[in-house]
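# Observations on the model geometry
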Amino acid sequence: MLKAKELVKRFGEKTALDGLNTEIGRGCIYGLVGPNGSGKSTLMRLMCGVYRPDGGSITLEDEPIFENVAAKDRILYLGDDLYFPPKATVEDMARFYRGLYSGFSMETYHTLCGCFPLQTDQPLSTFSKGMRRQAALLAALCCHAEYLLLDEAFDGLDPVIRLMVKKLLAEEIAERETTVVISSHNLRELEDLCDQIGLLSAGKILFEKDLDALKLGFCRVQAAYDHPVNWEATGLTILDKKQRGKLVSLLVRGTAEATLPVLEAQRPLFAEALPMTLEEVFIGEMEAVGYDYSNILS
């Protein structure tokens, strides 16, 4: 388990993380979301031991990570801003990672070379942004680290490669109980992938929950009425309401099964439940605990 307790990190007078607390267990995909500058990359660099905490602690199985070689062998961090040595090729990077991580598999490397459409003997400096991201992911997946930290993992990837990478990550979790932490400021990118979501803002985790539990607590419904409706009298906990002419769309705390009969009792022209986006779920959760989501979500 990766665990942060009252974690603090400062850069001069700027406090990037301010008493952050979180626990990330084995065998899950944890989505770390938040706007640019919220501290996502800083947290991941603390998790992999690149940074030393200025306060609190960050541990792997209760052991400090900074300057802990055994812990670092179990954690791989792939940053948002990729760097490759001059003239390095994919083959060079494979040899480099093989020397760093005890779990590196050449068998996996050769298998993945058949999955990613890359010329492994060509300099990475000649690759496009998306191809460089593919090369980094290929090398990272070969290491079979127990904890895989991916900062903006899908940046620059086309839709086909994104789907393949998601499939490969799912296989890592199923076969090796790998824990994957993915940071993003894009909620829509993570909603079909993550088991758990944590929202980071101003150096703190505002809340974190299992994705299934989040979605069970809210529903999006719409209905059309040719007469006025007293919504306060319905007893529904309405978190967001949009109306255009006869059509009204509601974000409601509760299940669709419980909400639709209430709408039907108001004699609608029609009423239906709609699929919810992760952003809508977050809006509901944040309003429920008193946060102004318009200043947090990008």
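Report on the accompanying structure. These numbers were taken from a predicted model, which means no experiment stands behind them.

Definitions and limits used
The residue count restarts for each chain, going from 1 along the sequence in the order it is written. Under the rules for a predicted model, residues below a pLDDT of 70 receive no local features and side-chain atom pairs below 80 are neither given nor counted, while totals for whole chains, interfaces and linings still include all residues. Water and hydrogen atoms were dropped before computing side-chain values, which therefore reflect all heavy atoms in the structure. Elements are defined by DSSP. Helices are runs of H or I of four residues or more, strands are runs of E of two residues or more, and each kind is numbered from the N terminus. The buried label applies to any residue whose accessible area, calculated with a 1.4 Å probe on protein chains only, is under 20% of its type's maximum; exposed applies above 50%, and partly exposed to all values in between. By definition in these notes, contact holds between two residues if any of their heavy atoms fall within 4.5 Å. Where accessible areas are quoted, they stem from the Shrake-Rupley method and a 1.4 Å probe; at the residue level, only the protein chains shown are allowed to cover. Only four residue types enter the tally: Lys and Arg on the positive side, Asp and Glu on the negative side; His and the chain ends are excluded. The atoms used to mark charge sites are NZ of Lys, CZ of Arg, CG of Asp and CD of Glu. By construction, the arc corresponds to the directions joining the helix axis to the C-beta atoms. Two strands form a pair only when DSSP identifies at least two bridges running between them. An axis is simply a line fitted to the C-alpha atoms; with a helix, the fit covers only the stretch in contact. Between two such axes, the angle follows the N-to-C directions and lies from 0 to 180 degrees. When a carboxyl oxygen of Asp or Glu is within 4 Å of a side-chain nitrogen of Lys or Arg, the pair counts as a salt bridge. An angle counts as roughly parallel when it lies under 35 degrees, as roughly antiparallel when it exceeds 145, as roughly perpendicular when it falls between 65 and 115, and as oblique in every other case. By definition, turning the near helix anticlockwise from the far helix through less than a right angle yields a left-handed crossing, and turning it clockwise yields a right-handed one. Think of it as three bins: nonpolar holds Ala, Val, Leu, Ile, Met, Phe, Trp, Tyr, Cys and Pro, charged holds Asp, Glu, Lys and Arg, and polar takes everything else, Gly as well. By the criterion applied in these results, polar contacts are pairs of N or O atoms within 3.5 Å in which, for protein atoms, one can donate a hydrogen and the other can accept it, and in which residues neighboring in sequence qualify only through two side-chain atoms. Cavities and pockets were defined on a 1 Å grid built from protein atoms only: a cavity is a group of points that admits a 1.4 Å probe but offers it no way out, a pocket is an open group of points flanked by protein on both sides within 12 Å along at least five of seven lines, and a lining residue is one with an atom within 4 Å of any such point. Grid points are joined across faces, edges and corners, and a volume is the space filled by probe spheres set on the points.

## Things to note about the overall build of the protein chain
- Secondary structure assignment for the protein chain yields 10 helices and 14 strands.
- Referenced to the eigenvectors of the C-alpha coordinate spread, the extents of the protein chain come out at roughly 70 × 45 × 35 Å.
- Burial analysis of the protein chain (298 residues in total) assigns 51% to the buried set.
- A separation threshold of at least 6 residues defines the contact pool for the protein chain, and within that pool the share at least 24 residues apart is 67%.
- When the accessible surface of the protein chain is totalled, it reaches about 14,500 Å², and 49% of it is carbon and sulfur.
- Separation between the mean location of the 32 positive side-chain charges and that of the 43 negative ones in the protein chain comes to 4 Å.

## Observations concerning helix α9 (residues 256-264)
- Buried within α9 are the following residues: A256, T259 and L263. An end-on view of α9 places all buried positions within 65° of arc, on one side of the element.

## A short note on the sheet that holds strand β14 (residues 270-274)
- The strand order β12-β13-β11-β14 describes an open sheet built from 4 strands, whose pairing is antiparallel. One side of each edge strand has no neighbouring strand; the edge strands of this open sheet are β12 (237-244) and β14. Across the sheet, the axes of successive neighbouring strands diverge by a mean angle of 20°, strand direction being ignored.
- Summarising the sheet, strand β11 (residues 218-224) and strand β13 (residues 247-253) pair through 7 bridges and their orientation is antiparallel. The residue bridging A224 from the neighbouring strand is L247, located in β13.

## Digging into the pattern of salt bridges
- The tally for this structure, following the rule as stated, stands at 13 salt bridges.
- One salt bridge in this structure joins R74 and E61, with 3.5 Å as the shortest N-O distance. With R74 in the loop between α2 (69-72) and β6 (75-78) and E61 in the loop between β4 (55-60) and β5 (63-64), the pair connects residues that are 13 residues apart, well separated along the chain.
- The class for R74 is partly exposed, based on a relative accessible area of 23%.
- The salt bridge partner of D240 is R220, with a shortest N-O separation of 3.5 Å.

## Concerning the packing of helix α4 (residues 106-113) against helix α5 (residues 129-142)
- Relative orientation of the contacting elements α4 and α5 amounts to 150°, with a least axis distance of 8 Å. By the angle class used here, α4 and α5 are roughly antiparallel. Where α4 crosses over α5, the handedness of that crossing is right-handed. When α4 is examined against α5, the residues T108, Y109, L112 and C113 are found in contact with a partner set consisting of L138, L141 and C142.
- For the contact of α4 with α5, a count of residues per class yields 6 nonpolar, 1 polar and no charged.

## Some thoughts on the side chain of K40
- Relative to the assigned elements, K40 resides in helix α1 (residues 40-47).
- Engagement of the side chain of K40 in a polar contact is seen with the backbone oxygen of G34, the distance being 2.9 Å.
- Ignoring sequence-local partners within four residues, the contact set of K40 consists of L32, V33, G34, P35, E152, S183, S184, H185 and L200.

## Side note on the layout of surface pockets
- Empty space within the largest pocket amounts to approximately 530 Å³.
- Forming the boundary of the largest pocket are 24 residues, of which Y77, F96, Y97, L100 and Y101 lie nearest the centre.
- Across the lining of the largest pocket, the residue classes tally to 19 nonpolar, 2 polar and 3 charged.

## Section: the pairing of β13
- Burial of β13 is extensive: 5 of the 7 residues sit out of reach of the surface.
- In terms of strand pairing, β12 meets β13 through 7 bridges, oriented antiparallel. In the strand pairing of β13, R244 is matched with L247.
- Following β12, the chain reverses through 2 residues before pairing antiparallel with β13; G245 in that reversal takes a positive phi of roughly 60°.

## Let's talk about the environment of D54
- Tracing the backbone through its elements, the reader meets D54 in the loop between α1 and β4.
- It is 27 Å that separates the C-alpha atoms of D54 and Q196, two residues lying 142 residues apart in sequence.
- For D54, the side chain forms a polar contact with the main-chain nitrogen of R10, separated by 2.7 Å.

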